[in-house]
Amino acid sequence: MTDRPLDMFWFIPVSGDGSYLGSDKGIRYAEFDYMKEIAQAADRLGFAGALLPVGSHCEDPWITAAALAPHTKRLRFLAALRPGLATPTHWARQTAALDRISEGRFLVNVVSGGDPVELAGDGIFLSHDARYAHAAEFLTVFRRLLAGETVDFVGEHIRVEGARLLFPTVQSPLPIWFGGSSDAGLEVAGEHADVYLTWGEPPAQLAEKIAAARKRAALRGRTLKFGLRIHIIVRETEREAWDAADRLITHLSDDAIAAAQRKFALESDSIGQKRMSALHGGRRDRLEIAPNLWAGVGLVRRGAGTALVGDPETVAARLREYQALGIDTVIASGYPHLEEAYKVAELLFPALGIESGRKWSHGTAVGEYGVGSGASPRAAAE
Ligand SMILES: Cc1cc2nc3c(=O)[nH]c(=O)nc-3n(C[C@H](O)[C@H](O)[C@H](O)COP(=O)(O)O)c2cc1C
């Protein structure tokens with residue numbers, strides 16, 4: 001076990017939000033003003049960054065991050081990048097522009113995409129492994145451009161001549177974050193990634209994946225950092241936390257679960273998605289798949305399908321178990337993302353020793369209007 005502080009990121013729900021899974025009840029659309037509220041809350045509460053996913057079901061994460069950056073002060077924006085959507089030179093320019101606009105707060109999460117039906121709509125017809133072959137070529141060129149090189153490159157998928165990035169990034173080097181659990185994905189991670197991301201599988205399963213990723217990197221004389229993408233349902237007591245988890249799926253029908261699982265099985269070729277779906281097998285009666293690890297989100301949500309559920313000390317202890325495996329960053333989320341950002345920051349940050357974003361405390365008047373005990377730090381010092 002370790003007491004090193006975890007880097008805690010939050011999530012911007014660019015495909016919408018709500019209080020219940022698989023239901024229109026209380027649905028919140030991905031309106032920019034709402035995204036702004038979440039980003040500003042995460043910024044003020046002390047989250048280190050926020051992930052924005054990419055896909056046809058998402059408001060564009062790059063445009064959204066660019067628009068959110070001036071409304072925040074410290075929050076870093078980790079936007080997903082699908083290499084097949086444009087050339088490495090184009091993406092390098094976008095990356096550098098966003099890094100400068102945000103004054104060094106921009107990060108990229110390279111994801112090849114795992115749904116051929118959806119990718120076809122984007123004009124990407126490569127097979128699973130060919131997408132990773134393309135991603136490897138992409139990252140070779142992209143990383144060299146970010147490093148300031150003039151690049152000539154001829155690959156199977158990508159060719160550039162005299163490619164250059166004339167407006168550099170602020171961060172140097174700008175780290176590459178990467179998600180993908182298949183063999184082909186691990187190979188690309190070993191070669192090119194700085195931070196390897198994984199969805200929240202049970203710790204024993206995750207230990208194997210982390211070992212495999214480490215091995216691929218070590219073969220190339222490289223090391224990786226690791227990030228865990230997981231939901232968090234934290235409340236003052238265990239009972240309240242489990243009640244909140246149950247409440248999330250109260251309006252979720254068996255038909256909706258079956259339809260979602262069928263879609264994932266038929267349309268997705270992602271190994272990571274298969275590993276997530278296998279955790280619950282579409283059954284709502286066996287959702288605690290490891291102590292405090294609940295697979296209910298994955299009944300209808302693609303990708304990150306598990307949540308840590310419990311009181312602050314318990315959730316903190318579970319995160320420490322992941323940290324002991326090598327996790328440095330946790331990308332957390334919860335429905336709805338505005339309220340749950342407060343829950344995580346106010347309940348879990350103290351248990352994890354993460355500093356809140358608070359810059360100052362009130363004076364002696366605190367307490368008189370029912371807030372606080374009156375024993376403010378300033379009053380105590382006087
Ligand atoms: C933390 C994390 C975030 C991801 N975000 C996205 C995303 O925003 N959009 C997307 O299309 N795929 C995303 N993916 C999935 C990747 O596209 C992945 O390459 C795909 O599922 C195929 O993976 P495989 O190597 O497991 O077969 C993400 C994966 C992880 C682990």
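Predicted, not measured: the structure shown is a model, and the values here were computed from it.

This paragraph deals with the site of the ligand. Surrounding the ligand, one finds 22 residues, the nearest of these being R82, G113, H128, Y132 and S182. In the model, an oxygen atom of the ligand is placed 2.7 Å from a nitrogen or oxygen of the G113 main chain. Taking H128, its side chain carries an N or O atom lying 2.6 Å from an oxygen atom of the ligand. For the ligand, whose accessible area on its own is 630 Å², the fraction buried by protein is 92%. When residues of the shell around the ligand are traced back to their parent elements, those giving at least two are strand 4 (106-111), helix 5 (128-146), strand 8 (195-199) and helix 10 (271-280). Residue composition of the shell around the ligand, grouped by class: eight nonpolar, eleven polar and three charged.

Okay, the side chain of Q171 next. Structurally, the position occupied by Q171 is in the loop between strand 6 (159-163) and strand 7 (176-179). Look at Q171 and you get buried, because its relative accessible area is 16%. Within the local environment of Q171, its side chain forms a polar contact with the side chain of D99, the two groups lying 2.6 Å apart. A polar contact of 3.3 Å, which involves the side chain of Q171, links it to the backbone oxygen of G104. Apart from the residues within four sequence positions on either side, Q171 is in contact with D99, G104, R105, F106 and L107.

Moving on: a positive patch on the surface. Residues R44, K73, R74 and K359 make up a contiguous surface patch of positive charge. When you line up the elements, R44 lands in helix 1 (residues 32-45).

Now for the packing of helix 7 (residues 203-218) against helix 11 (residues 312-325). Packing of helix 7 against helix 11 leaves a shortest axis separation of 9 Å and a crossing angle of 25°. In terms of axis orientation, helix 7 runs roughly parallel to helix 11. Crossing hand, helix 7 versus helix 11: right-handed. For the pair helix 7 and helix 11, contact is made by P203, L206, A207, I210 and R214 and by E321, Y322 and L325, respectively. Across the contact of helix 7 with helix 11, the residue classes break down as six nonpolar, no polar and two charged.

Attention shifts here to empty space enclosed by the protein. A full pass over the atoms with the stated rule returns one cavity of 30 Å³ or more. Estimates place the volume of the largest cavity at around 50 Å³. If you trace the largest cavity, you find it lined by P83, G84, S112, I124, L126, R131, H134 and A135. Of the residues belonging to the lining of the largest cavity, the class tally is four nonpolar, three polar and one charged.

Two residues of an α-helix separated by three or four positions point the same way, owing to the 3.6 residues in each turn. Burial of helix 6 (residues 183-192) is extensive: seven of the ten residues sit out of reach of the surface. Lining the buried residues of helix 6 we find helix 5, strand 7, strand 8 and helix 7.

What follows is about the packing of aromatic side chains. Applying the stated criterion across every chain yields a total of eight aromatic pairs. Relative to F47, the ring of W10 lies with its centre 5.1 Å away and its plane at 45°, an arrangement referred to as tilted. Highlighted residues: W10 in strand 1 (residues 7-11) and F47 in the loop between helix 1 and strand 2 (49-52), separated in sequence by 37 residues. We note that W10, like F47, is buried. Among the aromatic residues, those joined into a cluster by ring pairs are W10, F47 and F349. Its end group placed over the ring of F11, R229 keeps NZ or CZ at 4.3 Å from the ring centre.

Quick notes on the rules
- Residues numbered from 1 in each chain as written.
- Predicted model: local features only at pLDDT ≥ 70, side-chain atom pairs only at ≥ 80, totals over all residues.
- Heavy atoms only, no water.
- Near = heavy atom within 4 Å.
- Polar contact = N/O pair within 3.5 Å; in protein donor to acceptor, adjacent residues only side chain to side chain.
- Areas by Shrake-Rupley, 256 points an atom, 1.4 Å probe, with all protein chains shown as cover.
- Helix = DSSP H or I, 4+ residues; strand = E, 2+ residues; numbered from the N terminus.
- Nonpolar A, V, L, I, M, F, W, Y, C, P; charged D, E, K, R; others polar.
- Buried < 20%, exposed > 50% of the residue type's maximum accessible area, 1.4 Å probe, protein only.
- Contact = heavy atoms within 4.5 Å.
- Patch = residues over 30% accessible without salt bridge, like charges linked within 9 Å, V, L, I, M, F, W, Y side chains within 5 Å.
- Salt bridge = Lys/Arg side-chain N within 4 Å of Asp/Glu carboxyl O.
- Lys, Arg positive; Asp, Glu negative; His and termini not counted.
- Charge placed at Lys NZ, Arg CZ, Asp CG, Glu CD.
- Axes fitted to C-alpha atoms, helices over the stretch in contact; angles between N-to-C directions.
- Parallel < 35°, antiparallel > 145°, perpendicular 65-115°, else oblique.
- Left-handed = near helix turned anticlockwise from the far one by under 90°.
- 1 Å grid on protein atoms, 1.4 Å probe; cavity = no way out; pocket = protein on both sides within 12 Å on 5 of 7 lines; lining within 4 Å.
- Points joined across faces, edges and corners; volume = space filled by probe spheres on them.
- Phe/Tyr/Trp six-rings, centres within 6.5 Å; stacked < 30°, edge-to-face > 60°.
- Lys NZ or Arg CZ within 6 Å of the ring centre and 35° of its normal.

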